[in-house]
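# Observations on the three-dimensional arrangement
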Amino acid sequence: MDNTKSLEMIPPRVLLGSTGISVSRAGFGVLPMGPAQLALPVEEGAALISYALDCGIQFFDTAQYYRTYPYLSRGLRGRDAVICSKSLAADYEGMTAAIDEARMALDRDVIDIFLMHEVRTGQLAQRAGAWEALLDARSRGWIRACGLSTHHVNITAAAAQMEELDVVFPLLNYAGLGIRTCSGPNSDGRFFPGPTSERFASAEEMMEAIRLCHQAGKGVFTMKAFGGGSLTATYRQALDYVFGQPEVDSVMIGFGRISEIDDLLSYLSGSMAPSYQPDVSRKRIHISQDDCEGCGACRAACPAGAIFWNGSGLAEVDPDRCLTCGYCTPVCPVRAVILY
């Protein structure tokens, strides 16, 4: 691909809510290249990041537990880019240490965006110390903006009411894969009303919460447009949905290969054929051992008996028995089932 020409394929940068941070309409999620999925050699992953920059994608998402800082550090090499990182830390000390780790590992005095990672119902109260650390880091100039990432509708809605929150990073795809919510008297996300109140939710329910965030001036960028890979076969439909939402500032797409970046550029430029459908015949279902909680929902849904408990008590897929039917995908409450 002619990288000079591809710069024209990415739409002009957009402002992320009221943050003043300008980002590319499409962002680069670096999780797939890391140890949890493709485990690319660092130089190969760094080259992929550099290629994306050459193509005009300058918004990157990572996280403390992705273990992908070496890829970004080498791939960016001081070039202009907007970096978002996240931490699962629950207390002040843990979050402060996570921010320091990112600044050192990425060789940057300031991390553009730092988030509480994957906030669930009840955790806004449980992780109050971590939130205080983010606010202090912003006031000290260590980060430019703070917020949270979540798979939950009620947490996204609660974010709209958090005056000091700058950005929210929710899960959104047309099929609603992985979207959850909690209804009840305390369902604003600060308290947990009980396990019976939590359920799977629809894409439109998440969009209602996203609209609240947008109206409140929060920056919104979304994850898992392809539902962890399960919607890749409906490539255009998946991207049409997320890029068609005016309340969404940017869309993070996970990349592991140059061809995937080229496909996105083709889509964004309008040069992709309406009939385009990527080849997913070589993709296989995997269960992320970092995310799996051993609940057994996927195992119960598998018609081929291909999912078993491994020595760690977590779900794993037998590739020789797997039909790649996808029945396990929508029942996983934590989006641990992925296709790559």
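Reading the values: rules and limits
- Residues numbered from 1 in each chain as written.
- Predicted model: local features only at pLDDT ≥ 70, side-chain atom pairs only at ≥ 80, totals over all residues.
- Heavy atoms only, no water.
- Disulfide = S-S within 2.5 Å.
- Buried < 20%, exposed > 50% of the residue type's maximum accessible area, 1.4 Å probe, protein only.
- Helix = DSSP H or I, 4+ residues; strand = E, 2+ residues; numbered from the N terminus.
- Polar contact = N/O pair within 3.5 Å; in protein donor to acceptor, adjacent residues only side chain to side chain.
- Contact = heavy atoms within 4.5 Å.
- pLDDT = per-residue confidence, 0-100.
- Phe/Tyr/Trp six-rings, centres within 6.5 Å; stacked < 30°, edge-to-face > 60°.
- Lys NZ or Arg CZ within 6 Å of the ring centre and 35° of its normal.
- Pairing = 2+ DSSP bridges.
- Right-handed = clockwise from strand over helix to strand, strands pointing away.

## Looking at the state of the cysteines
Taken as a whole and assessed by the stated rule, the structure comprises zero disulfides. The thiol of Cys 292 is not disulfide-bonded; the next cysteine sulfur, from Cys 298, is found 6.1 Å away. Residue Cys 292 is classed as buried on the basis of its relative accessible area of 15%. Considering cysteine sulfurs only, Cys 328 is the nearest to Cys 322, which forms no disulfide, with 6.6 Å between them.

## Examining the side chain of Glu 118
Mapping Glu 118 onto the fold places it in the loop between strand 6 (111–116) and helix 5 (123–126). A distance of 3.1 Å separates a polar atom in the side chain of Glu 118 from a polar atom in the side chain of Arg 120. Contacts of Glu 118, omitting those with residues within four sequence positions, involve Leu 88, Gln 123, Arg 127, Ser 149, Thr 150 and His 151.

## Brief notes about the confidence of the model for the chain
A residue-level look at the chain finds 93% of positions with pLDDT of 70 or above and a mean pLDDT of 92. Of the regions scoring below 50 in pLDDT, residues 1–7 engages in 14 contacts with residues more than four places distant in sequence or in other chains. Every residue in residues 189–196 is under pLDDT 50, and counting partners more than four places away or in other chains gives 21 contacts.

## Thoughts on the packing of aromatic side chains
Counted under the stated rule, the structure contains eight aromatic pairs. Relative to Phe 60, the ring of Phe 28 has its centre 5.5 Å away and its plane inclined at 35 degrees; by these criteria the two rings are tilted. Within this pair, whereas Phe 28 is found in strand 3 (residues 26–29), its partner Phe 60 is found in strand 4 (residues 59–61), the two being separated by 32 residues in sequence. Both rings, one in Phe 226 and one in Tyr 235, keep their centres 5.2 Å apart while their planes meet at 25 degrees; by these two values the pair is stacked. We classify Phe 226 as buried; its relative accessible area is 13%. Since its relative accessible area comes to 7%, Tyr 235 is described here as buried. Through successive ring pairs, a cluster of aromatic residues spans Phe 28, Phe 60 and Phe 255. The ring of Phe 200 has Arg 180 sitting right over it, with the charged end atom 4.6 Å from the ring centre.

## Details of the pairing of strand 7 (residues 143–150)
Here strand 7 lies mainly inside the structure; seven of its eight residues are buried. The pairing of strand 6 with strand 7 spans five bridges and is parallel. Across the sheet, Leu 115 pairs through a bridge with Gly 147, a residue of strand 7. Here strand 7 runs beside strand 8 (residues 167–170); their pairing, made up of four bridges, is parallel. For Thr 150, the partnering residue across the bridge sits in strand 8 and is Pro 170. Where the polypeptide runs from strand 7 across helix 7 (residues 153–160) and back to strand 8, its parallel neighbour, the crossover connection is right-handed.

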